[in-house]
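The chain contents come next:
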Amino acid sequence: MALNINVKLCKGCGICVEYCPTNVLALDEIGKVYIKNISECIYCGRCEIRCPDFAIMLTDDTEKTGRGDNK
Amino acid sequence: MASTEKYLRKTALPHIWCPGCGNGVVLSAIVRAIDKMGLDQNKTVVVSGIGCSSRASTYLDFNTIHTAHGRALTFATGIKLANPELNVIVITGDGDATAIGGNHFIHAARRNIDLTTVIFNNSIYGMTGGQSSPATPINSLSTTAPYGQFERPFDIPALAIASGATYVARGTAFHTEMLTNLIAKGIENKGFSVIDAITQCPIAYGRRNKLRTASAMLKWQQDNSVRIEDSKKMSPKDLEGKMIIGELYKSEAPEYTALYDDLIKRVQGGSK
């Protein structure tokens with residue numbers, strides 16, 4: 001499983017940070033989400049289903065874990 | 001999951017909605033419900049009216065139409081009658097559906113035409129700056145109710161049931177998976193389906209009503225909603241001010257386009 005963040009779509013509402021059960025996500029200095037601690041991720045998908053901006057996607061491809069503009 | 005990406009017009013993203021707006025969550029629930037039901041993208045039409053919620057059709061990769069204020073259901077009725085094979089999903093807001101388009105809403109329900117209407121109910125007119133809508137809760141503040149709303153709001157599911165809809169449900173942006181299942185059941189129903197999706201507007205509604213963040217508004221939805229199964233065990237006093245969520249009503253009634261086809265067959269002497 002992979003946790004993929006599209007930083008261009010993130011508006012920094014913080015819903016994902018609030019609802020992550022294992023504190024994997026955090027907001028950076030400009031208020032956008034980043035992966036703080038991937039080793040704690042249980043891939044429950046709560047961030048993905050709660051994200052209003054389609055900025056977080058869980059995929060099967062492990063190489064895709066990370067943060068980018070997802071072109 | 002990523003399988004829903006194919007239903008989005010990714011070049012149109014990011015969407016115009018404010019940070020923390022629940023419309024994106026409801027849109028994502030619609031996309032998941034469509035994926036769950038396995039609808040053919042080429043045989044699915046999304047019709048929307050005017051307002052924050054109605055911008056949703058822009059981001060969906062189906063046959064989409066963004067129509068006039070309050071008139072989404074009229075365009076959808078025409079589309080469904082012209083080609084009853086199409087799956088028609090209507091996206092509208094609380095103001096669009098029950099104020100500007102209130103008459104269309106009750107008559108579409110009365111006819112029981114096979115449309116799935118998802119009402120993005122954010123309790124306010126968000127796009128125009130936070131005026132009271134027919135769904136603004138009593139005592140809450142808005143730009144047109146600076147001393148508190150004193151008018152009674154519509155109970156949208158009760159309105160839909162009374163008008164003749166055959167599937168009526170209410171979900172919230174907080175109960176995302178439940179909302180997805182409710183929308184999927186609405187698509188499955190052959191008749192007029194209404195899903196009242198309670199969503200958060202932290203900017204136009206929340207800031208005036210001591211719910212400044214999206215998380216605070218989601219918490220409010222969690223604390224103030226009761227599942228229909230649980231509500232049956234509660235006293236009317238305990239249920240005061242609570243929203244009942246889940247599948248609220250389901251019935252069987254003749255569907256409009258089927259009746260219309262029968263009429264054509266009858267008057268043409270069965271030649272069609």
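These numbers come from a predicted model, not from an experiment.

Undergrad: Would you mind going over the overall build of chain A in detail, with residue names and values included?
TA: Along its length, chain A carries 2 helices and 5 strands. Listing each helix as α and each strand as β along chain A from the N terminus yields β-α-β-β-α-β-β. Dimensions of chain A, computed from the C-alpha atoms along their principal axes, are close to 30 × 25 × 20 Å. Relative to its full complement of 71 residues, chain A shows a buried share of 46%. By sequence separation, contacts in chain A at least 24 residues apart represent 60% of the contacts at least 6 residues apart. Carbon and sulfur atoms make up 46% of the accessible area of chain A, which totals about 3,600 Å². One finds the centroid of the 9 positive side-chain charges in chain A at a distance of 5 Å from the centroid of its 10 negative side-chain charges.

Undergrad: Talk me through the sheet that holds strand 1 (residues 2-6) of chain A; I want residue IDs and the actual numbers.
TA: Residues and elements named next belong to chain A. Pairing is mixed across the open sheet formed by 3 strands, whose spatial order is 4-1-5. Strand pairing shows two members of the sheet lacking a second neighbour, strand 4 (56-59) and strand 5 (66-68), which therefore form its edges. Strand-to-strand twist of the sheet, defined as the mean angle between neighbouring strand axes without regard to direction, takes the value 25°. Bridging between strand 1 and strand 5 involves 3 bridges; their strand directions are parallel. Its bridge partner lying in strand 5, isoleucine 5 is registered against arginine 67.

Undergrad: So what's going on with the interface of chain B and chain A? Which residues, and what values?
TA: Counting residues at the interface gives 28 residues for chain B and 19 residues for chain A. Interface of chain B and chain A: buried area, both sides summed, is about 1,900 Å²; carbon and sulfur atoms make up 64% of it. Summed over the shared surface of chain B and chain A, the result is 1 salt bridge. A salt bridge links glutamate 48 of chain A to arginine 32 of chain B; the nearest nitrogen and oxygen atoms lie 3.3 Å apart. One can count 7 residue pairs in polar contact (both at pLDDT 80 or more) joining chain B with chain A. Looking at the side of chain B that touches chain A, the elements that each hand over two or more residues are helix 1 (23-37), helix 6 (176-188) and helix 7 (214-223) of chain B. The dominant element in the side of chain B that touches chain A, judged by the number of residues it contributes, is helix 1 of chain B, at 5 residues. Looking at the side of chain B that touches chain A residue by residue, the classes come out as 16 nonpolar, 7 polar and 5 charged.

Undergrad: A description of the sheet that holds strand 4 (residues 116-121) of chain B should follow, citing residues and the corresponding values.
TA: All names here are of chain B. With mixed pairing, 8 strands are arranged side by side in an open sheet as 2-1-3-4-8-7-10-9. A strand with exactly one partner marks an edge of an open sheet, and here the two such strands are strand 2 (63-66) and strand 9 (225-227). The sheet shows a mean angle of 20° between the axes of neighbouring strands, direction not considered. Summarising the sheet, strand 1 (residues 44-48) and strand 2 pair through 4 bridges and their orientation is parallel. What sits directly across from valine 47, in strand 2, is isoleucine 65. Those strands touched by helix 5 (residues 156-163) are strand 4, strand 7 (167-172), strand 8 (193-198) and strand 10 (243-250), and its axis lies near 170° from that of strand 7.

Undergrad: Please provide a residue-by-residue account of the state of the cysteines, values included.
TA: Here the structure, examined in full by the defined rule, presents 0 disulfides over all chains. Looking at cysteine 44 of chain A, it has no disulfide partner, and the nearest cysteine sulfur is the one in cysteine 47 of chain A, 6.2 Å off. Just so you know, cysteine 18 of chain B is unpaired, no disulfide at all, and the nearest cysteine sulfur is the one on cysteine 21 of chain B, 6.4 Å from it. We classify cysteine 18 of chain B as partly exposed; its relative accessible area is 37%.

Undergrad: Now, about the packing of aromatic side chains: what can you tell me, with residues and values included?
TA: With the rule as written, the count across this model stands at 4 aromatic pairs over all chains. Plain terms: the ring middles of tyrosine 7 of chain B and phenylalanine 62 of chain B are 5.5 Å apart, the flat faces sit at 15° to each other, and that makes the pair stacked. You can see tyrosine 7 of chain B sitting in the segment before helix 1 and its partner phenylalanine 62 of chain B sitting in the loop between strand 1 and strand 2, a full 55 residues away along the chain. In terms of burial, tyrosine 7 of chain B and phenylalanine 62 of chain B fall into one category: buried. Measuring from ring centre to ring centre gives 6.2 Å for phenylalanine 105 of chain B and phenylalanine 192 of chain B, while their planes differ by 65°; the resulting arrangement is edge-to-face. In this pair, phenylalanine 105 of chain B is assigned in helix 4 (residues 102-111) and phenylalanine 192 of chain B in the loop between helix 6 and strand 8, connecting sequence segments 87 residues apart. You can call phenylalanine 105 of chain B buried: its relative accessible area is 0%. Given the relative accessible area of 0%, phenylalanine 192 of chain B is considered buried. One cation-aromatic arrangement involves arginine 50 of chain A over tyrosine 19 of chain A; the distance from NZ or CZ to the ring centre is 4.6 Å. It is arginine 50 of chain A that lies over the ring of phenylalanine 174 of chain B; its NZ or CZ is 4.6 Å from the centre.

Procedures and definitions
Residues numbered from 1 in each chain as written. Chains lettered and ligands numbered in written order. Predicted model: local features only at pLDDT ≥ 70, side-chain atom pairs only at ≥ 80, totals over all residues. Heavy atoms only, no water. Helix = DSSP H or I, 4+ residues; strand = E, 2+ residues; numbered from the N terminus. Buried < 20%, exposed > 50% of the residue type's maximum accessible area, 1.4 Å probe, protein only. Contact = heavy atoms within 4.5 Å. Areas by Shrake-Rupley, 256 points an atom, 1.4 Å probe, with all protein chains shown as cover. Lys, Arg positive; Asp, Glu negative; His and termini not counted. Charge placed at Lys NZ, Arg CZ, Asp CG, Glu CD. Pairing = 2+ DSSP bridges. Axes fitted to C-alpha atoms, helices over the stretch in contact; angles between N-to-C directions. Buried area = accessible area lost by both parts, 1.4 Å probe. Salt bridge = Lys/Arg side-chain N within 4 Å of Asp/Glu carboxyl O. Polar contact = N/O pair within 3.5 Å; in protein donor to acceptor, adjacent residues only side chain to side chain. Nonpolar A, V, L, I, M, F, W, Y, C, P; charged D, E, K, R; others polar. Disulfide = S-S within 2.5 Å. Phe/Tyr/Trp six-rings, centres within 6.5 Å; stacked < 30°, edge-to-face > 60°. Lys NZ or Arg CZ within 6 Å of the ring centre and 35° of its normal.

So yeah, pure geometry; function would need other evidence.
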